[in-house]
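Listed below are the residues making up each chain.
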Amino acid sequence: MHDEREFIRQLLDPQTQRKAFEQLLQLYQKPLYHHIRNIVLNHDDADDVLQNTFIKVFNYLKDFKGDSKLFSWMYRIATNESLTFIQQKAKRNGTTSEALQSKAIENLPSDVYFDGNEIQITLHKAILQLPEKQQLVFKMKYFEELKYEEISEIVGTSVGALKASYHHAVKKIEEFLKQD
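Conventions adopted
Residues numbered from 1 in each chain as written. Predicted model: local features only at pLDDT ≥ 70, side-chain atom pairs only at ≥ 80, totals over all residues. Heavy atoms only, no water. Phe/Tyr/Trp six-rings, centres within 6.5 Å; stacked < 30°, edge-to-face > 60°. Helix = DSSP H or I, 4+ residues; strand = E, 2+ residues; numbered from the N terminus. Buried < 20%, exposed > 50% of the residue type's maximum accessible area, 1.4 Å probe, protein only. Lys NZ or Arg CZ within 6 Å of the ring centre and 35° of its normal. 1 Å grid on protein atoms, 1.4 Å probe; cavity = no way out; pocket = protein on both sides within 12 Å on 5 of 7 lines; lining within 4 Å. Points joined across faces, edges and corners; volume = space filled by probe spheres on them.

K.L.:
Can you walk me through the packing of aromatic side chains in this structure?
P.N.:
Here the distance between the centres and the angle between the planes together describe a pair of aromatic rings. Under the defined criterion, the tally for this structure stands at nine aromatic pairs. Consider the rings of Phe21 and Phe58, whose centres lie 5.2 Å apart with planes at 85°: the pair is edge-to-face. Of this pair, Phe21 sits in helix α2 (residues 17-40) while Phe58 is found in helix α3 (residues 43-60), placing the two residues 37 residues apart along the sequence. With a relative accessible area of 40%, Phe58 lands in the partly exposed category. Residues Phe71 and Tyr75 carry aromatic rings whose centres are separated by 4.5 Å and whose planes lie at 45° to one another, so their mutual orientation is tilted. Of the two residues, Phe71 and Tyr75 are both situated in helix α4 (residues 70-92); the distance of four residues between them amounts to about one turn of the helix. One aromatic cluster is present, built from ring pairs that chain together Phe138, Tyr142, Phe143, Tyr148 and Tyr166. Taking NZ or CZ as reference, Lys141 lies 4.5 Å from the ring centre of Tyr148, over its face.

What follows is the structure, given as structure tokens:
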């Protein structure tokens, strides 16, 4: 994106809003989908959360202060929407978020949109054992290959703390895999 401020101005201007939002969708739909999918694990759920994310982006863009990159702000919304979605779905089903995620991992092999193998399913099981923050950091660093600085803007944690979280997550995953 050449000039983010100009792009945001276009997103807010009723004259250019439609075209700019189409461009926003084109730029961020796939990466946001993959980010959300890494959190919620289910394709249909990821589609729902992605739609909710873009609705929130559209509705709250006027409140975007520009303290971070647009990309980071949208990822923060997507992350929060994903976590909220999991909590609400678990509550509706009378279960915990962990149990819901565990069930989603069990269903991955039958998901036509999942192209992984048994090793990736085992990795997801290991990740599920981590505290929520470590799960997020690990998924963003490992699967999405985001830089610590980008993750810092998204989750609002210092780079040093993120590096420590990632290190601890890797160690816990290694231990889980040794036991499995």
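K.L.:
Sorry if this is basic, but what is going on with the layout of surface pockets here?
P.N.:
The computed volume of the largest pocket comes to approximately 340 Å³. Looking at the largest pocket, it is lined by 14 residues, and the ones nearest its centre are His34, Arg37, Asn38, Phe114 and Asp115. For the lining of the largest pocket, the secondary-structure elements that each account for two or more residues are α2 and α6 (118-128).

Keep in mind these values describe shape, not function.
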